[in-house]
Amino acid sequence: MIRRMTILIALSLAGVQICSGQAALSVTPAYAVITRDAPHGTFTLRNEGTEGVEVVISARYGVIATDNQSTDVMLGEGGMLGDLTEKLLFFPDRCVLAPGDERVVRFLVDDVAAADEKAFITLMHFEMRERGAPSLEQVPVVASALSIVYNLVTPLVFVNGISQPILNARAVRAAPGELVLELSALNAWPFLGGVSVVQEDAAIGRVETAVYTRRRVTIPLLPGPLPDAVTLTFDTRYTGMAAEVRRQLIAPPSVTLNLVP
């Protein structure tokens, strides 16, 4: 049997979707951050296509990070973040969706009182399987359907305590109109929020990002000559972030960055 796996990283803040021919699956929200005050939540699966789909749900320790200039799913590692898969309960772990159907996947962090005061992460995998027709050009002995496996990957973060991430910043490329940064987390708290580039007390660019271990971000800058140095300031304004979660997040300290080679 021929088997192909496609992984889609949940980068859209509103939701993510797999589309393949007549098969389509959407998952909302595209990420989740929960706290010990409300250590539970839901994901909603919807079949947006015209064919029925089977979805297998699993949780795996890992992060979404920038490695060698590409943004990838890194399984089995999470920097200083704890492994949430050991504490996570969710239901169901498998479902079949007819066209237009929805299914709610509920999750809960178990034994919150015993958890260390830090952040934990898991990547929720929503695996959709599609089978094509057998190829008429294959000989009967080896003829088989083409099996294609698609994965949506959605970060689920549990923040246990009041968090203040510490970030290191490195300028990868600086040019008029654009600044490319590599941000690295230096403690056991992830960062989800805005990064602003400030010159002489005025913001000349801002972007939203999530940094679990390391992330490369591109920040568009206002027109004008590139300054010799800038200050990076951080905030907790992140699209889709619940107000009760934001109250437990403290923005990282600002960073001064020299852009002169």
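Quick note: structure is the one above.
The model shown is predicted, which means the values in this text are computed figures rather than measured ones.

Peer 1: What's the story with empty space enclosed by the protein in this structure? I'm lost.
Peer 2: In this approach, a probe sized like a water molecule rolls over the atoms, and the result shows the empty space that is left. Going through the model one piece at a time under the given rule, you end up with one cavity of 30 Å³ or more. Its boundaries defined by the atoms lining it, the largest cavity holds a volume of some 40 Å³. The wall of the largest cavity is formed by Ser163, Pro165, Pro190, Phe191, Leu192, Asp235, Thr236, Leu249, Ile250, Ala251 and Pro252. Looking at the lining of the largest cavity residue by residue, the class counts come to eight nonpolar, two polar and one charged.

Peer 1: Help me understand the sheet that holds strand 19 (residues 214-220), please; the structure alone is not making it clear to me.
Peer 2: Within a sheet, adjacent strands bond to each other through the backbone by hydrogen bonds, running parallel or antiparallel. In spatial order, the strands read 15-16-19; together these three strands make up an open sheet with antiparallel pairing. Only two strands of the sheet have a single partner each, and these edge strands are strand 15 (167-175) and strand 19. The sheet shows a mean angle of 20° between the axes of neighbouring strands, direction not considered.

Peer 1: What is the right way to look at the packing of aromatic side chains in this model?
Peer 2: Both the distance between ring centres and the angle between the ring planes are used here to describe each pair of aromatic rings. Per the counting criterion, the structure on display carries five aromatic pairs. Here the aromatic rings of Tyr31 and Tyr238 are separated by 5.3 Å at their centres, their planes lie at 70°, and the arrangement is edge-to-face. One end of the pair, Tyr31, is in the loop between strand 3 (23-28) and strand 4 (32-35); the other, Tyr238, is in the loop between strand 20 (229-235) and helix 1 (243-246), and 207 residues separate them in sequence. The exposure class assigned to Tyr31 is buried, which follows from its relative accessible area of 8%. Their ring planes at 40° and their centres at 5.2 Å tell us that Phe43 and Phe107 sit as a pair that is tilted. Here Phe107 lies in strand 12 (residues 102-109) and Phe43 lies in strand 5 (residues 40-47), a separation of 64 residues in the sequence. Across the pair, Phe107 and Phe43 agree in class, each one buried. Clustering of aromatic rings is evident, with ring pairs tying together Phe43, Phe107 and Phe126.

Peer 1: Help me understand unusual backbone geometry, please; the structure alone is not making it clear to me.
Peer 2: The bulk of non-glycine residues show a negative phi, and the bulk of peptide bonds are trans. In this structure, the amide linkage connecting Thr28 to the following residue, Pro29, adopts the cis form with an omega of -5°. One can find Pro29 in the loop between strand 3 and strand 4. Phe91 connects to Pro92 through a cis peptide bond whose omega is -5°. With a phi angle near 50°, Glu200 is a residue other than glycine that sits in the positive phi range. Structurally, Glu200 is set in the loop between strand 17 (191-199) and strand 18 (202-211). Although it is not a glycine, Asp201 adopts a positive phi angle of roughly 70°. Assignment of secondary structure puts Asp201 in the loop between strand 17 and strand 18.

Peer 1: Explain the pairing of strand 17 to me, please; I cannot follow it from the model alone.
Peer 2: Regular strands place side chains that alternate from one sheet face to the opposite one. Across the nine residues that make up strand 17, a large majority, eight, are buried. Between the end of strand 17 and the start of strand 18, which pair antiparallel, lie two residues, with Glu200 showing a positive phi angle near 50°. The sheet contact formed by strand 17 and strand 20 spans five bridges and is antiparallel. Following the sheet pairing, Val198 is matched in strand 20 by Thr231.

Peer 1: What should I look at first to understand the pairing of strand 15 in this one?
Peer 2: Bridge count for strand 15 against strand 16 (residues 178-185) is eight bridges, and the pairing is antiparallel. Bridge pairing in strand 16 links Arg173 to Val180. Here strand 15 folds back onto strand 16 in antiparallel fashion, the turn holding two residues, of which Gly177 has a positive phi close to 90°.

Criteria and thresholds
Residues numbered from 1 in each chain as written. Predicted model: local features only at pLDDT ≥ 70, side-chain atom pairs only at ≥ 80, totals over all residues. Heavy atoms only, no water. 1 Å grid on protein atoms, 1.4 Å probe; cavity = no way out; pocket = protein on both sides within 12 Å on 5 of 7 lines; lining within 4 Å. Points joined across faces, edges and corners; volume = space filled by probe spheres on them. Nonpolar A, V, L, I, M, F, W, Y, C, P; charged D, E, K, R; others polar. Pairing = 2+ DSSP bridges. Helix = DSSP H or I, 4+ residues; strand = E, 2+ residues; numbered from the N terminus. Axes fitted to C-alpha atoms, helices over the stretch in contact; angles between N-to-C directions. Phe/Tyr/Trp six-rings, centres within 6.5 Å; stacked < 30°, edge-to-face > 60°. Buried < 20%, exposed > 50% of the residue type's maximum accessible area, 1.4 Å probe, protein only.

Geometric descriptors of this kind do not, in isolation, establish any biological role.
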